[in-house]
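Observations on chain architecture
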Amino acid sequence: MDGEHPERKFLAPFTGKPMAPPPVWLMRQAGRYLPEYRQVRAEAGGFLDLCYTPRLATEVTLQPIRRFGFDAAILFSDILVVPDALGQAVRFAEGEGPRLDPIRGVEDLNRLDVSRTGPKFSLVWETVERLRQELPQETALIGFCGAPWTVATYVVGGRGSTDQAAARTWAYRDPAGFQQLIDTLVDASIAYLSGQVEAGADVLQIFDSWAGSLAEDQFTRWVIEPTAKIVMRVKARYPHVPIIGFPRGSTAELQRFVELTGVDGVSCDTSCPLSAMQKVAERGTVAQGNLDPLLLVEGGSALDRRVDEIRSAMNGLPFVFNLGHGIVPETPPENVGRLVSRLREAV
Ligand code: 1CP
């Protein structure tokens, strides 16, 4: 990876080289906090129309790169493109989260069909191709998907929830049936990620936003095992492409997650102690994180202080600076500029 694109500083920590200052990108770096995003979003109509229109999805991916010069761009898409492409129509109502007609048991699984995903996945792959042509050579491009568990919580619940109860109870009631759903999502995710690599993605991230709601045995079966399958099968085809996992809310399981999934990097949420990030990085896995997104809303000297603390705690270790979760819409864009300058000041 280093050999292929030495100019992409983002890739250095994945070859075991710590960087000072560390590379930086921010989850949800494209989005509603940027006025230029809101303008394109209005032009696109629906949110998924934006994801499926390569010209517009490319434009919103590039917006934060132009403004802030992040070391990596992340493809603009959504984790719910996978169920949508599988045949479970996803709607985004204005001012509300996603809505899907829930799949509640094995009898509904025939509504999902991996062989149907091509047309919609191709639109996302076309965005990746355009991005690789338009991005500066030194900017890495991150492709992504949702982890099967987190995507399943929306497939089964039909919407976001605080406790993921619908998916958790199906998994207890009928583990064999729930396994079929997870296997379908594993297969679709591998196809989706592979196409992104073929189209030019340098790095992949797997978002498991709801990993933290599971008991230990359930975490092993529904978070670790499916993620390990995806990592193994994608790496068999593309051994040079680093994969970052994001098992949000699972600090206590971080080391086990890293060892058993085979990820090259792990994104750490805001509540993860810096000592835990150091431990992971000392053992050779890239740690990514974990500034509180609300500190980016607040800004000022409190933001500067914490940026300095995280940077110095991770100095000399394989590390990528990021937030602990996505940028919130209330974030003043100038605070993002302040963070990036602060991080890149002479170390
Ligand atoms: O109105 C709008 O413009 C929609 C807001 C929005 C955006 C900007 C949604 C709806 N998705 C996205 C883009 C997005 N989603 C990206 C793009 C790249 C970037 O980071 O800049 C990524 C990586 C995601 C991933 C995503 N979508 C996750 C995992 C990460 C996380 O935030 O935990 C999840 C859980 C989703 C589902 C989703 N999509 C959108 C919303 C509002 C939600 C959350 C729904 C809920 O649980 O209530």
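Everything below is about the structure printed above this text.
Calculation criteria
Here the residue numbers are simple positions, counted from 1 along each chain's written sequence. Only residues with pLDDT of at least 70 get local features here, since the model is predicted, and only at 80 or more are side-chain atom pairs given and counted; chain-wide, interface and lining totals rely on the full set of residues. Note that water and hydrogens are dropped before the side-chain values are worked out from all heavy atoms of the structure. Starting at the N terminus, helices and strands are each numbered in turn, a helix being any DSSP run of H or I of at least four residues and a strand any DSSP run of E of at least two. Here the term buried applies to any residue with accessible area under 20% of the maximum for its type, exposed to any over 50%, and partly exposed to those in between, with areas from a 1.4 Å probe on protein chains only. Only heavy atoms enter the contact rule, under which two residues are in contact if any of them lie within 4.5 Å. What makes a residue near a molecule or strand is one non-hydrogen atom of that residue sitting within 4 Å of it. Under this definition, polar contacts are N or O atom pairs within 3.5 Å; protein pairs additionally need one hydrogen-donor-capable and one acceptor-capable atom, and for neighbouring residues in sequence, both atoms have to be side-chain atoms. For the area figures, the Shrake-Rupley method with a 1.4 Å probe applies, and any residue is considered shielded solely by the protein chains shown. Following DSSP output, two strands are said to pair if at least two bridges run between them. Working definition: rings of Phe, Tyr and Trp (its six-membered ring) pair if their centres are within 6.5 Å, and the pair is stacked with planes under 30 degrees apart, edge-to-face with planes over 60 apart, and tilted otherwise.

What the chain contains, in helices and strands, is 14 helices and nine strands. Its C-alpha atoms give the chain principal-axis dimensions of roughly 60 × 45 × 40 Å. Split into buried and exposed, the 347 residues of the chain put 58% on the buried side. Counting only contacts in the chain whose residues sit at least 6 apart along the sequence, the fraction spanning at least 24 positions is 73%.

Now for the site of the ligand. Neighbouring the ligand are 22 residues; R28, Y37, Y154, S209 and H325 lie closest to it. A30 is positioned such that a nitrogen or oxygen atom in its backbone is 3.3 Å from an oxygen atom of the ligand. Measuring from a nitrogen atom of the ligand, one finds a side-chain N or O atom of D78 at 2.7 Å. Considered on its own, the ligand offers 900 Å² of accessible surface; in the complex 86% of this is hidden by protein.

Across the seven residues that make up strand β4 (residues 140-146), a large majority, seven, are buried. As paired strands, strand β1 (residues 72-74) and β4 are joined by three bridges and run parallel to one another. Bridged to I74 within β4 is I142. Alignment of β4 against strand β5 (residues 203-208), held across five bridges, turns out to be parallel. Within β5, the position partnered with C145 by the bridge is I206.

As a further point, take the packing of aromatic side chains. Counting across every chain of the model gives 13 aromatic pairs. Consider the rings of F68 and F70, whose centres lie 5.6 Å apart with planes at 55°: the pair is tilted. Classification of F70 by relative accessible area gives buried; the value is 2%. Here the aromatic rings of F121 and W125 are separated by 5.8 Å at their centres, their planes lie at 55°, and the arrangement is tilted. With F121 and W125 both in helix α5 (residues 118-134) and four residues apart, the pair spans about one turn of that helix. Members of the aromatic cluster, each reached through a chain of ring pairs, are Y37, F47, F76 and F92.

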